[in-house]
Amino acid sequence: MKLRKLYSIFALIIFFCLLSCGRKATKIPPEFIETSPPKIGSDEWRYLKQSLNVFGVKIIDDKLIIKKADRKNQCILKVNNGTLFGTDNGEWSGELSFIPDDATKKTIVIKRGNIKYIFYYKDKVYFIEGLAHMFYSGGAIYRLNSLDNNFSWTKLVDFEDAPEAYTIYKDKLLVVTCKNFYIVNNFKKDLVFRDAFWDDLNPNSIVAFDDKDVFIGIRSGIVKLDLESKTIKFYKNDK
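Peer 1: Just checking my understanding: could you explain the pairing of strand E9 (residues 124-133) for this structure?
Peer 2: As a general feature of sheets, a regular strand has side chains that alternate between the two faces. For strand E8 (residues 115-121) and E9, the ladder comprises 6 bridges, and the chain directions are antiparallel. Among the inter-strand pairings, tyrosine 120 is bridged to a residue of E9, identified as valine 125. Between E8 and the antiparallel strand that follows it, E9, lie 2 residues; lysine 122 among them carries a positive phi value of about 55 degrees. Bridge count between E9 and strand E10 (residues 136-147): 8 bridges; the pairing is antiparallel. Across the sheet, isoleucine 128 pairs through a bridge with isoleucine 141, a residue of E10. Counting the residues that bridge the hairpin from E9 to E10 gives 2 residues, and of these methionine 134 lies at a positive phi of roughly 55 degrees.

Peer 1: What is the right way to read the sheet that holds strand E15 (residues 188-193) from this model?
Peer 2: Pairing between the strands of a sheet comes from backbone hydrogen bonds, and it takes one of two forms, parallel or antiparallel. The strand order E12-E13-E14-E15 describes an open sheet built from 4 strands, whose pairing is antiparallel. A strand with exactly one partner marks an edge of an open sheet, and here the two such strands are strand E12 (163-169) and E15. Each adjacent strand pair in this sheet contributes to an overall mean axis angle of 25 degrees, direction not counted. Alignment of E12 against strand E13 (residues 172-177), held across 6 bridges, turns out to be antiparallel.

Peer 1: Explanation requested: unusual backbone geometry in the structure shown.
Peer 2: Comment: phi is negative for the bulk of residues other than glycine, and the bulk of peptide bonds are trans. The backbone of aspartate 61 sits at a positive phi, close to 55 degrees, despite the residue not being glycine. Look at aspartate 61 and you get exposed, because its relative accessible area is 68%.

Peer 1: What is the right way to look at the nonpolar core in this model?
Peer 2: Nonpolar side chains in soluble globular proteins tend to end up buried together. If you look at the biggest cluster of nonpolar residues, it comprises 23 residues, and the most contacted ones within it are Leu174, Phe181, Trp198, Ile216, Ile218 and Leu225. Elements with a contribution of two residues or more to this core: helix H2 (43-49), E12, E13, strand E14 (181-185), E15, strand E16 (205-210), strand E17 (213-218) and strand E18 (221-226). Here this core takes 3 residues from E17, the largest share from any one element. Within the second largest apolar cluster, 15 residues are counted, among which are Leu77, Ile115, Tyr142 and Leu144.

Peer 1: Explain the environment of leucine 77 here, please?
Peer 2: Tracing the backbone through its elements, the reader meets leucine 77 in strand E4 (residues 74-79). Sequence separation between leucine 77 and isoleucine 118 is 41 residues, and the spatial gap between their C-alpha atoms is 6.3 Å. Setting aside its immediate chain neighbours within four residues, leucine 77 contacts Thr83, Leu84, Ile118, Phe119, Tyr120 and Val125.

Peer 1: I tried to follow the environment of asparagine 150 on my own but got confused; where do I start?
Peer 2: Along the chain, the position of asparagine 150 falls in strand E11 (residues 150-159). In the structure, asparagine 150 is positioned 40 residues away from isoleucine 110 in sequence and 8.9 Å away in space, judged by C-alpha atoms.

Peer 1: Where do I start with the packing of aromatic side chains in this structure?
Peer 2: In this description, a pair of aromatic rings is defined by centroid distance and the angle of the planes. The tally for this structure, following the rule as stated, stands at 14 aromatic pairs. Note on tyrosine 117 and tyrosine 166: the rings are 5.1 Å apart at their centroids and 70 degrees apart in plane angle, and the pair reads as edge-to-face. Pair noted here: tyrosine 117 is in strand E8 and tyrosine 166 is in strand E12, with a separation of 49 residues, a long-range link. Taking relative accessible area as the criterion, tyrosine 117 reaches 21% and is therefore assigned partly exposed. On the basis of an interplanar angle of 90 degrees and a centroid distance of 6.1 Å, the ring pair of phenylalanine 209 and phenylalanine 215 is categorised as edge-to-face. Each member of the aromatic cluster is reached from another via a ring pair, and the members are Tyr117, Phe119, Tyr121, Tyr126, Tyr166 and Phe187.

Peer 1: It is not clear to me how the environment of phenylalanine 187 should be interpreted in this structure. Could you clarify?
Peer 2: Its place among the elements puts phenylalanine 187 in the loop between E14 and E15. For the pair phenylalanine 187 and tyrosine 142, spaced 45 residues apart in the sequence, the C-alpha separation amounts to 9.9 Å. Residue contacts for phenylalanine 187: discarding those within four places in its chain leaves Tyr121, Tyr126, Ile141, Leu156, Val157 and Leu173.

Peer 1: Help me understand the sheet that holds E8, please; the structure alone is not making it clear to me.
Peer 2: The strand order across the open sheet formed by 4 strands is E8-E9-E10-E11, and the pairing between neighbours is antiparallel. Where the open sheet ends on each side, the last strands, each with one partner, are E8 and E11. Averaged over all pairs of adjacent strands, the angle between strand axes in this sheet comes to 25 degrees, irrespective of strand direction.

Peer 1: Please explain the confidence of the model for the protein as it appears in this structure.
Peer 2: Low pLDDT means the predicted atomic positions in that stretch should not be read closely. Residues at a pLDDT of 70 or more form 90% of the protein, whose mean pLDDT is 90. The low-confidence segment residues 6-23 (pLDDT under 50) makes 3 contacts with residues lying over four places distant or belonging to another chain.

Parameters at a glance
- Residues numbered from 1 in each chain as written.
- Predicted model: local features only at pLDDT ≥ 70, side-chain atom pairs only at ≥ 80, totals over all residues.
- Heavy atoms only, no water.
- Pairing = 2+ DSSP bridges.
- Helix = DSSP H or I, 4+ residues; strand = E, 2+ residues; numbered from the N terminus.
- Axes fitted to C-alpha atoms, helices over the stretch in contact; angles between N-to-C directions.
- Buried < 20%, exposed > 50% of the residue type's maximum accessible area, 1.4 Å probe, protein only.
- Core = buried A, V, L, I, M, F, W, Y, C linked by side-chain atoms within 4.5 Å.
- Contact = heavy atoms within 4.5 Å.
- Phe/Tyr/Trp six-rings, centres within 6.5 Å; stacked < 30°, edge-to-face > 60°.
- pLDDT = per-residue confidence, 0-100.

Laid out in structure tokens, this is it:
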């Protein structure tokens, strides 16, 4: 009996060790120093706004990759018989257009507006529009409808401020806006983080490894979100 109990205890120890070690910690480069998120409007926040370093995040080979980010004002998506082309010209607006593969056919302007992203999701085409200029900030997710190159769109989700980046995670859309963070499930939005410190720090990209490791690229560093504990960590690199 004693031997059987020892085997049981040993098995439980192994189980909990495997459970605790099963989730690999995401490695953050040492030049990104964990720092308390600054308060909006504080001297530290203003200092970060002046940084010339804007970082973007990616996942490559299951690793977090952080690189300097360039502002993109175009996006494209190849579809049947042509290419969808979106532009973002800020206060001068942009447009979503369709460029046929057949060079004898004209380009079709589908919608005016600043097009941030065009993507496939559940076998349909969607696009995200957004604008932050002066006192206005807003945007939306649309579904693109097409039949024989006749296009229309359906607005599905409105945002209170401009969407800046998105990713698809667990069949949901994670959307970071100028100052908020949303989880969009079946096109119903859930506001997870409101008035976050990255307001005016140019969020530009987002990746998700799991619920505890969601990263956002911003000016002067990166943000780590834990969707389970609803916590935010800031890793600064302002050199």
